[in-house]
There are 2 protein chains.
Amino acid sequence: MGASGNQSELDVIFNPNVVAVIGASNQRGKWGYMLLEHIIQGGFKGAIYPINPKGGEIQGLKAYPNIKDVPGAVDLAVIGIPAPLVQQAVEDCAAKGVKGLIIVTAGYGETGPEGRKLEEQLGKTVREHNMKLVGPNCVGIVSTAVNLNASSLPFVKGNIGFITQSGNLSEDVRLLLQQRGWGFSRLVSMGNQTGIRFHEYLEYFKDDPETKVVLLHIEEVKDGRKFMEAVREVVKKKPIVVLKVGQTKAGARAVMSHTGSLAGNFQVYQAAFKQLGIVTCSDVADLVDFGGTMAQLPPLKGKRIVILTDGGGHAALASDALEKCGLEMPVLSAETQQKLRAVLMPQSQTGNPVDFAGAAEYDLWTYTKVTEIILQDKDVDGFLITGALFGLYSQAFGPELKNLELDVTRELCKVVKKYDKPVIMHHLPVGENEPIKILREGGIPVYFKVETAVRCMAALADYGAYLEKIKARAAEKPVEVSRKPKTSQIIDKAKADGRTSLLETEAKEILKEYGIPVGEFRLAKTKQEAVKFAKEVGYPVAAKIVSPQIVHKSDAGGVKLNLKDASEVKKAFDEITRNARAYNKEAQIEGILISPMEKKGIEVIIGMTRDRQFGPVIMFGLGGIFVEVLKDVSFRIVPLTRGDAEEMVKEIKGYPILQGVRGADSGDVEAIVDIILKVSSLVSANEAISELDLNPVFVFKKGASVVDARMILG
Amino acid sequence: MGASGNQSELDVIFNPNVVAVIGASNQRGKWGYMLLEHIIQGGFKGAIYPINPKGGEIQGLKAYPNIKDVPGAVDLAVIGIPAPLVQQAVEDCAAKGVKGLIIVTAGYGETGPEGRKLEEQLGKTVREHNMKLVGPNCVGIVSTAVNLNASSLPFVKGNIGFITQSGNLSEDVRLLLQQRGWGFSRLVSMGNQTGIRFHEYLEYFKDDPETKVVLLHIEEVKDGRKFMEAVREVVKKKPIVVLKVGQTKAGARAVMSHTGSLAGNFQVYQAAFKQLGIVTCSDVADLVDFGGTMAQLPPLKGKRIVILTDGGGHAALASDALEKCGLEMPVLSAETQQKLRAVLMPQSQTGNPVDFAGAAEYDLWTYTKVTEIILQDKDVDGFLITGALFGLYSQAFGPELKNLELDVTRELCKVVKKYDKPVIMHHLPVGENEPIKILREGGIPVYFKVETAVRCMAALADYGAYLEKIKARAAEKPVEVSRKPKTSQIIDKAKADGRTSLLETEAKEILKEYGIPVGEFRLAKTKQEAVKFAKEVGYPVAAKIVSPQIVHKSDAGGVKLNLKDASEVKKAFDEITRNARAYNKEAQIEGILISPMEKKGIEVIIGMTRDRQFGPVIMFGLGGIFVEVLKDVSFRIVPLTRGDAEEMVKEIKGYPILQGVRGADSGDVEAIVDIILKVSSLVSANEAISELDLNPVFVFKKGASVVDARMILG
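The model shown is predicted, which means the values in this text are computed figures rather than measured ones.

### Some details on the overall build of chain A
Helices and strands together make up the secondary structure of chain A, namely 26 helices and 29 strands. Split into buried and exposed, the 714 residues of chain A put 60% on the buried side. Taking the intrachain contacts of chain A between residues at least 6 apart in sequence as the baseline, contacts between residues at least 24 apart amount to 69%. Carbon and sulfur atoms provide 51% of the accessible area of chain A, an area that totals close to 27,800 Å².

Given below as structure tokens:
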């Protein structure tokens, strides 16, 4: 099917041969009018059948009363009729053997319980007949390869794929692309995601030769795990840029762990994006500009950027923006500076920023000369021209400069083409003009804000760094995932007892079985045992209540630390038992946990919570106030590679503390990474564990030890 | 002089009656051509005299060979001739009695030592003759009140004052203003600030009736104190928005205190802006948009914003942006929602965001009805319309809607005018069209990015909050500044000894004299004295070396803590003395400081450093790793009000620790504020103290105590 070589189930959407428009109309203002009009005007390469009960002729085409009346097969039905009529139309489509549906109609789940019922029925029909559905409640799709504009938007063609959860936003994006001379390879307005979901579109875009970059507007991903799998494959081939909205606090959700309470929806998404090499942005304009830039330019191979400016004002803005984005501005080599001096003027600066200081006004060809010299330098990764004013030179110095401006910009594009390095231009905000058009079409993106140009450069750097990273990590073994007998036993027993959390002893047994260091511990049922165990593990010891009913041990007076001898242990045993009874009469006391006092290390927390979409999420942070007050924590989604675990340890603000500050010992990062990877394995293998806090874990100069552990079942 | 009623020394720049252009030319491409052309084309209301050695006629005006040849007085000379010729021209101006100079010529301090010499000579001449100089190395000035465009820029007239340190940036701003239909009341390209400085321009703008808002582009302020004084007066009358560039690390500067090392140039500027109620922004577009908005709209009286949208996509973006900016989105009252339901459709949302959900497409007048209902609600402070698509309605639904779009936007402006509440619109990025022009001119700023619209709203909220704050603080007494005898003695003695730092005992004596709690301390010269003092202050005690040569006492083994009895004190005395000698043979030992061990409180640091521009800057932070690793500190510039001090304590991220976390005691914020204000007084009165660290200060549930203090003289 279709014009494009890509073979996929979604070809019924993106590469149909025959399209029917159900609800097609001659009446302006109706969706059925607009959709048909756009499909015809777009020059769709296949056959178009208007469907309308009245039959006759619609917008010059023969109309059929029902899709079932159409002669021959129909690949795709575009439906724009009132919600109450849609179900019958879809069933007709099913009867006709139509496999692709686009339903723009609103009035479904987004409107309340009644709409939700309609939507469920629709979903059921679609699944039963193995149909592919876009929508409902959307503005349609665009597929440039077959000239199909089955949307409410004017048709702008290009090489950018865009999947959006908001119809209105697709109009923003369309307008911005058009202004910059760019366009869509494919556009998908997802609507309510009743049928096709993110990961299916992404799988399609992966092998789509028309799409050079994929833009996503995400409110909520369903099937987070599949989304991740799909993204992983796409990003190897082409960049993905995401605008995630809905950054407000996650809704009320009962959580019993620190990790659960800190893993807000937005944090988890951010972790996923980082881990997957998705470039993030924070507004629609950046989404478009990152996309257009990345569709045109190669990723950056390093972070070393040279700035070319005419005067200090823009250079200062550019330097600030570069620093903010983590890019570097190295001083140019003596050799390059010497070459630059030969083409610039005495007052020009050649270090970096390179400052024309009037040289370009004097001779516009200086632009191309300087550019070539800089791109030749092997220690330069990217080149940023700021404060350009093509079109203004001729305005200020006479119209005879007009042709020169065109010649210089054309030549500039030629120079840039010779080198595989991104060149981006910031231009004074003059609006569109001929030289700017030449630059844009010639492979030099032009932006009217310095900061936009710099952020686009940073997006190329981020993507380049990710590609390097996956190359370097290709040899990394994935974390082994295996169920272990004792762990399964413990969990099964707790479940059989109807418990929703494990005892500290149970949690620690599980950690031990997974090779996570927990120190020694013994469960004393009697005072005599307590003394005996204390002697065995070695004084001083800690004594802690073990009771399924007591989760917050300290609150219940159930913890005694630093017990130095037998008499202190006995006294503690009695007191803890008494306190526990007083705290909760019903508490069933399993015994008292005796463990040696750990020497104090750097306190960290390692935790896990299960996100509704993405599954198990691991959290790392420094303990105590760092996690509680500053919320200085990092997240990654399971499964993690060793590299992921290392990154999450190093990205917290308090990381210098693990490197050792004020003469204090450093902490063993490898030991932390090891625990994180083992937790990743543990929670992957045991889905029954819904939340987990290792808090605190003491980290020493060499090694680490889990001091307290909580595991919640769910 | 001049057309405007404002009486000021800068009237020779902004309101001249007679202007001469030195270097005026008939040759396109020369500065002297462009400047004269712009002055003539701008329609300057006074007399214009071209000056050129060749005399004759220039651009239709009689030219004079020298300014001294001009008949009658000249107020302002605009000079655009090569640098080597400028000095003579300026001397001629002086001879002629000209008081205003604008020198656009480059080639001064910015080019190196030779240029610097030229600039110094120029400055001297200007000062000697009491002339007011703009530049050199600038693009000139604009003064709309007298139709004077003495700049290289096209003339765009409006009510926005702009002072910039970059000529190129003024072109960016000019273009952006023009696109939005705004313009300059006065523009100043400062150049090298050889003559007039920021504070003088600000003083002028304060009483300038043409200027509704002042925009600043700052790389570096000279005369920081005068800048602050001027700003304080301006901000009471009109908003100031600043774009500060040069956010990179402060250059190498020898500092001996924590405070000094943390008080980077950018941090100090940010503190000054916050303290002064200057609205900050981070790029040129925001500078313009904040400016245009604030010139038109009243400040917000609160933070309660209502969003109107058509569909969820823009509403989600707007909500995210509002939260990021610290604005609020309260649910509308039942009464208002009821009124809204009466004009909307069943599927529309009325909580907040208010979502048309198609109602506007159905009837465009819904816009004005909804707006009126929302503005009537006394619990709404500001109104944000997102995703508007005026001009697109008629495009989508037929050209017959064109007039309706115009009528509705006109009516919308009328509705908005009735209420003293800011209304800002986000519109799909369609470029300019007639309805948008109506809205903009009718008092509804229109932006093509949701985030821009929200940030503009936040700028109005920030300014409004500042005005409220100064009203509330009007009664606050300024901190008393007084020299005190003992402090002066101590400082004089240290200076006489040639010391650059005070002994801990001296520093604590000074603190004591200023009423800052330091606990008891005695300087023991002998072992016997040490024992005697220890008994007097009460065991356990701390013993610390006191020596002008030993600044880092711990490193020298010069600190012993928790000494419990006489024998421990004696032993400590010997050890400290021995260690100190071993550490530095030359060290002159003044004695051993004996003080009672403070019970441990929350550790904080209070410090002061002197900024080259802004003078004494106070720093506050939590002690230890908070300051060293996380750099979680706040700054304010002396003099501080009590409100400033409270704000700086509360704005650090670790503030919850002072409120008490994990069952720990809270810290006495008032005690901290008290110390901060007393330090402010101390450093104001004693300029010899160049840096100061109180580190740590222990903060208790009630009260606080300085445990260690360092004062540097300079």
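### Considering the sheet that holds strand β15 (residues 305–309) of chain A
Residue and element names in this part refer to chain A. The strand order across the open sheet built from five strands is β16-β15-β17-β18-β19, with neighbouring strands paired in parallel fashion. The sheet terminates laterally at β16 (354–355) and β19 (446–447), the two strands that pair on one side only. Here β15 runs beside β16; their pairing, made up of two bridges, is parallel. Residue pairing across strands places Thr309 opposite Asp355, the latter belonging to β16. Those strands touched by helix α18 (residues 450–473) are β15, β17 (382–388), β18 (423–427) and β19, and its axis lies near 165° from that of β18.

### Quick look at unusual backbone geometry
Residue B:Pro136 is reached from B:Gly135 by a cis peptide bond, and omega for that bond is 0°. Mapped onto the elements, B:Pro136 comes out in the loop between β7 (132–134) and β8 (140–143). Cis rather than trans, the peptide bond between B:Tyr539 and B:Pro540 has omega equal to -10°. For B:Pro540, the position within the fold is in the loop between α21 (527–537) and β21 (541–546). Positive phi, normally seen in glycine, also occurs at A:Asp223, with a value near 55°. Among the secondary structure elements, A:Asp223 is positioned in the loop between β12 (213–218) and α7 (224–237). Overall, the relative accessible area of 25% leaves A:Asp223 in the partly exposed class. Located in the positive-phi region is B:Asn352, a residue other than glycine, with phi close to 145°. When you line up the elements, B:Asn352 lands in the loop between α12 (334–343) and β16 (354–355).

### Some points on the interface of chain A and chain B
Size of an interface, as often reported, equals the accessible area lost when the parts are brought together. Counting from both sides, the interface comprises 56 residues of chain A and, opposite them, 56 residues of chain B. For the chain A and chain B pair, buried surface summed over both sides reaches about 4,600 Å², with 59% attributable to carbon and sulfur atoms. The largest share of the area that chain A buries against chain B comes from A:Asp320, A:Pro429 and A:Arg662, three residues that together contribute 12% of it. On the surface where chain A and chain B come into contact, there are two salt bridges. In this structure, the salt-bridge partner of A:Asp283 is B:Lys449, at a minimum N-O distance of 3.0 Å. Joining chain A to chain B, the criterion identifies eight residue pairs in polar contact (both at pLDDT 80 or more). At the level of elements, α5 (167–179), β13 (240–244), α10 (284–296), α11 (312–324), α15 (392–397), α23 (625–628) and α25 (655–659) of chain A are the ones that each hand at least two residues to the side of chain A that touches chain B. With eight residues, the top contributor of residues to the side of chain A that touches chain B is α11(A).

### Description of the relation of the copies chain A and chain B
Least-squares fitting of chain A to chain B yields an RMSD of 0.1 Å, with the transformation described by 0.0 Å of translation along the axis and a rotation of 180°. Both copies are brought into coincidence by an operation consistent with a two-fold rotation axis. Both copies present the same face, since 100% of the interface residues in chain A are matched by interface residues at the equivalent positions in chain B.

### Quick word on the sheet that holds strand β11 (residues 184–189) of chain B
Pairing between the strands of a sheet is mediated by backbone hydrogen bonds and can be parallel or antiparallel. All names here are of chain B. Judged by pairing direction, the sheet is mixed, and its seven strands sit side by side in the order β9-β8-β11-β10-β12-β13-β14 without closing on themselves. Strands with a single pairing partner mark the edges of an open sheet, and in this sheet they are β9 (148–151) and β14 (279–281). Taken over all neighbouring pairs, the strand axes of this sheet differ in orientation by 20° on average, direction set aside. Looking at chain direction, β8 and β11 are connected through three bridges and run antiparallel. Counted as the bridge partner of Val142 is Leu187 from β11.

### Let's talk about the packing of helix α3 (residues 83–96) of chain B against helix α4 (residues 113–128) of chain B
Residues and elements named next belong to chain B. Following both chains from N to C, one finds α3 and α4 inclined at 10°, their axes separated by 10 Å at the closest point. One way to sum up the angle between α3 and α4 is to call them roughly parallel. Listed contacts from α4 to Ala83, Gln87, Val90 and Glu91 of α3 are Leu118, Gln121, Leu122, Thr125 and Val126.

### Description of helix α19 (residues 485–496) of chain A
All names here are of chain A. Counted at 1.5 Å a residue, the expected span for α19 with its twelve residues is 16 Å, and the 16 Å between its end C-alpha atoms agrees. Within α19, the full set of buried residues consists of Thr487, Ser488, Ile490, Ile491 and Ala494. With its buried residues spanning 165° around the axis, α19 presents them on a single face. Within α19, the exposed residues directed more than 90 degrees away from the buried face are Pro485, Gln489 and Ala496. Turning to α19, the residues buried within the fold contact α20 (504–513), α26 (669–685), β27 (689–699) and β29 (709–713). In the segment just after α19, Gly498 is the residue with positive phi, at about 75°.

### Description of the packing of helix α19 (residues 485–496) of chain B against helix α20 (residues 504–513) of chain B
Residues and elements named next belong to chain B. Relative orientation of the contacting elements α19 and α20 amounts to 160°, with a least axis distance of 8 Å. One element, α19, and the other, α20, form an angle in the roughly antiparallel class. The element α19 and its partner α20 pack so that their crossing is left-handed. Where α19 approaches α20, its residues Pro485, Lys486, Thr487, Ile490 and Ile491 are matched on the opposing element by Glu506, Glu509, Ile510 and Glu513.

### Here's the deal with the pattern of salt bridges
Counting across every chain of the model gives 99 salt bridges over all chains. If you follow the salt bridges from partner to partner, you end up with A:Lys274, A:Lys469, A:Arg473, A:Glu476, A:Arg636, A:Asp644, A:Glu647 and A:Glu651 in one network.

### Details of the side chain of B:Asp632
Residues and elements named next belong to chain B. When you line up the elements, Asp632 lands in the loop between α23 (625–628) and β26 (633–637). Of the side chains bearing the opposite charge, Lys653 lies closest to the buried Asp632, which forms no salt bridge; the N-O distance is 4.9 Å. Side-chain polar atoms of Asp632 contact the backbone nitrogen of Gly654, separated by 2.8 Å. Those residues within four positions of Asp632 in sequence are excluded, and the remaining contacts are Phe620, Gly621, Leu622, Phe626, Ile652, Lys653 and Gly654.

### Points about the pairing of strand β25 (residues 615–622) of chain A
Residue and element names in this part refer to chain A. Across the eight residues that make up β25, a large majority, eight, are buried. As paired elements, strand β24 (residues 602–611) and β25 share eight bridges and run antiparallel to each other. Each residue of the ladder has a partner; that of Ile605, found in β25, is Gly621. The antiparallel pairing of β24 with β25 creates a hairpin that spans three residues between the two strands. Where β25 lies against strand β26 (residues 633–637), five bridges are found, and the strand directions are antiparallel. Looking at the pairing, Ile618 lines up with Arg636 of β26.

### Comments concerning the nonpolar core
Counting 224 residues, the largest nonpolar core has A:Leu202, A:Leu216, A:Phe227, B:Leu202, B:Leu216 and B:Phe227 as the members making the most contacts within it. Among the nonpolar cores identified, the runner-up in size contains 113 residues, and A:Ile510, A:Leu593, A:Ala685 and B:Ala671 belong to it.

### Focus on the pairing of strand β5 (residues 76–79) of chain A
Residues and elements named next belong to chain A. Side chains of β5 alternate between two faces, with Leu76 and Val78 and Ala77 and Ile79 buried alike. Pairing of strand β1 (residues 18–22) with β5, which is carried by four bridges, proceeds in the parallel orientation. Paired with Val21 across the two strands is Val78, which belongs to β5. In the sheet, β5 pairs with strand β6 (residues 100–103) via four bridges, with the strands oriented parallel. Its bridge partner lying in β6, Ile79 is registered against Ile103.

### Topic: the environment of A:Leu677
All names here are of chain A. Looking at the secondary structure, you find Leu677 in helix α26. Separated by 39 residues in the primary sequence, Leu677 and Val638 place their C-alpha atoms 9.2 Å from one another. Excluding its chain neighbours within four sequence positions, the residues that come into contact with Leu677 are Val479, Leu640, Thr641, Arg642 and Ala645.

### With respect to the packing of aromatic side chains
Residue and element names in this part refer to chain A. All chains considered together, the criterion is met by 27 aromatic pairs over all chains. Between the aromatic rings of Phe162 and Phe184, the centroid separation amounts to 6.2 Å while the plane-to-plane angle is 5°, which identifies the pairing as stacked. Of this pair, Phe162 sits in strand β10 (residues 157–164) while Phe184 is found in strand β11 (residues 184–189), placing the two residues 22 residues apart along the sequence. The interplanar angle of 70° and the centroid separation of 5.7 Å between the aromatic rings of Phe390 and Tyr393 together place this pair among those described as edge-to-face.

The rules we used
Residues numbered from 1 in each chain as written. Chains lettered and ligands numbered in written order. Predicted model: local features only at pLDDT ≥ 70, side-chain atom pairs only at ≥ 80, totals over all residues. Heavy atoms only, no water. Helix = DSSP H or I, 4+ residues; strand = E, 2+ residues; numbered from the N terminus. Buried < 20%, exposed > 50% of the residue type's maximum accessible area, 1.4 Å probe, protein only. Contact = heavy atoms within 4.5 Å. Areas by Shrake-Rupley, 256 points an atom, 1.4 Å probe, with all protein chains shown as cover. Pairing = 2+ DSSP bridges. Axes fitted to C-alpha atoms, helices over the stretch in contact; angles between N-to-C directions. Buried area = accessible area lost by both parts, 1.4 Å probe. Salt bridge = Lys/Arg side-chain N within 4 Å of Asp/Glu carboxyl O. Polar contact = N/O pair within 3.5 Å; in protein donor to acceptor, adjacent residues only side chain to side chain. Least-squares fit on C-alpha atoms with pLDDT ≥ 70 in both. Parallel < 35°, antiparallel > 145°, perpendicular 65-115°, else oblique. Expected span 1.5 Å × (residues − 1). Arc of directions from axis to C-beta. Left-handed = near helix turned anticlockwise from the far one by under 90°. Lys, Arg positive; Asp, Glu negative; His and termini not counted. Core = buried A, V, L, I, M, F, W, Y, C linked by side-chain atoms within 4.5 Å. Phe/Tyr/Trp six-rings, centres within 6.5 Å; stacked < 30°, edge-to-face > 60°.

The values are spatial; any link to function lies outside them.
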